[in-house]
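Chain and residue survey
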Amino acid sequence: MADKTALKEIIDFSLFISDEQINQLQNLRKDKRWNEFINYDFNIEIWYNFWTTIYKGNKEDIIMDFGCGSLYSKLVGNKCGFTAITGLDIDNEEVRDSFGRYHDILNVKSDYWDGKQMNYVNDFFDSIVAKASLSKCVDSSWDYVINELVRVSKVGAKWYISPKYMIDRLPEQFKSILDSKQIKIIGWDWD
């Protein structure tokens, strides 16, 4: 990532989030597990850097943020000109409650899945972005996650996986599935 001081000087946070939204985020009940997402400035920096320097696709690409959490990816991505970003997260009460409040405040919408089958047609997404979500597989398994992500990815899709070490943790059995669709894996870090 670019020097944080320099990046903060480049970013006009008011383009992404209003003072009213900041106040609403700061007044959210503090969740034990998801407090990190109240750091709106850090999240905006992460996603601004991703969309302006890391992402190598086109602004017209159909993109999934897998395990999207608070969905700052879409908030920032839309302002950077990426208009077809879909957030997908696991459908459980904790996720809907915690992140649903962020989505309401940030005026973004996420899709949810049952951990077994994603509600998208085959060969739909140009890119999959996974920021720390492949390390969790909440209410799902590697088999379902990888097979479904491959199914909904177009031939030649790009997967942006962070942290980079998660690429090495992909079970060997999935590498041939990824190769069969010519999926390119790109590692990235946000710190």
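Keep in mind that what you see is a predicted model, and the values were worked out from it rather than measured.

Attention now goes to helix α4 (residues 72-79). Since the α-helix turns once every 3.6 residues, residues separated by three or four places project in the same direction. The buried count for α4 comes to 6 of 8 residues, which makes it a mostly enclosed element. Burial in α4 covers these residues: Y72, S73, K74, L75, V76 and G77. Tucked into the core, α4 has its buried residues touching α2 (19-26), α3 (40-54), β1 (63-66), β2 (85-90) and α5 (93-106). Backbone geometry just after α4 places G81 at a positive phi near 100°.

With that settled, the discussion passes to α2. For α2, the set of buried residues is Q21, I22 and L25. One face of α2 carries all of its buried residues, which in axial projection span an arc of 100°. Along α2, the residues that are exposed and aim more than 90 degrees away from the buried face are D19 and E20. Looking at the packing, one finds that the buried side of α2 touches α3, α4 and α5.

Of all hydrophobic cores here, the largest spans 62 residues; its most connected members are W51, M64 and F66. Of the residues forming this core, the biggest block, 8 residues, is contributed by α3. Apart from the residues lying within four places of it in its own chain, the contact partners of W51 are I63, S73, V76, G77, C80, F82 and I85.

Under the criterion given, the structure shown has 18 aromatic pairs. Where F50 meets W51, the ring centres are 4.8 Å apart and the plane angle is 80°; that geometry is what we call edge-to-face. Taking relative accessible area as the criterion, F50 reaches 0% and is therefore assigned buried. Measuring from centroid to centroid gives 5.4 Å for F50 and Y160, while their planes differ by 85°, and the two rings are edge-to-face. Linking F50 in helix α3 with Y160 in strand β5 (residues 153-162), this pair joins segments that are 110 residues apart in sequence. This pair shows no difference in class: F50 is buried, exactly as Y160 is. An aromatic cluster is defined as three or more aromatic residues linked by ring pairs; in this entry it consists of W47, F50, W51, Y55, F82, Y160 and W188. Sitting over the ring of F82, K59 keeps its end group 5.7 Å from the ring centre.

Right, let's talk about the pairing of β2 for a bit. Burial runs high along β2: 6 of the 6 residues are buried. Of the pairings in the sheet, the one linking β1 to β2 comprises 4 bridges and is parallel in character. What sits directly across from F66, in β2, is L88. By the bridge criterion, 4 bridges tie β2 to strand β3 (residues 110-113) in an arrangement that is parallel. The residue bridging G87 from the neighbouring strand is S110, located in β3. Tracing the backbone out of β2, into α5 and back to the parallel element β3 gives a crossover that is right-handed.

It is generally the case that most residues other than glycine have a negative phi and that most peptide bonds are trans. Of note, the amide linkage connecting S162 to P163 takes the cis form, showing an omega dihedral of -5°. Structurally, P163 is set in the loop between β5 and α7 (165-169). Look at L71: it is not a glycine, yet its phi comes out positive at around 70°. By the element assignment, L71 lies in the loop between β1 and α4.

Glancing now at the environment of L75. Mapped onto the fold, L75 is located in helix α4. Assessed through its relative accessible area of 8%, L75 is described here as buried. Setting aside residues up to four positions removed in sequence, L75 forms contacts with F16, L106 and V108.

Thresholds, definitions, all that
- Residues numbered from 1 in each chain as written.
- Predicted model: local features only at pLDDT ≥ 70, side-chain atom pairs only at ≥ 80, totals over all residues.
- Heavy atoms only, no water.
- Buried < 20%, exposed > 50% of the residue type's maximum accessible area, 1.4 Å probe, protein only.
- Helix = DSSP H or I, 4+ residues; strand = E, 2+ residues; numbered from the N terminus.
- Contact = heavy atoms within 4.5 Å.
- Arc of directions from axis to C-beta.
- Core = buried A, V, L, I, M, F, W, Y, C linked by side-chain atoms within 4.5 Å.
- Phe/Tyr/Trp six-rings, centres within 6.5 Å; stacked < 30°, edge-to-face > 60°.
- Lys NZ or Arg CZ within 6 Å of the ring centre and 35° of its normal.
- Pairing = 2+ DSSP bridges.
- Right-handed = clockwise from strand over helix to strand, strands pointing away.

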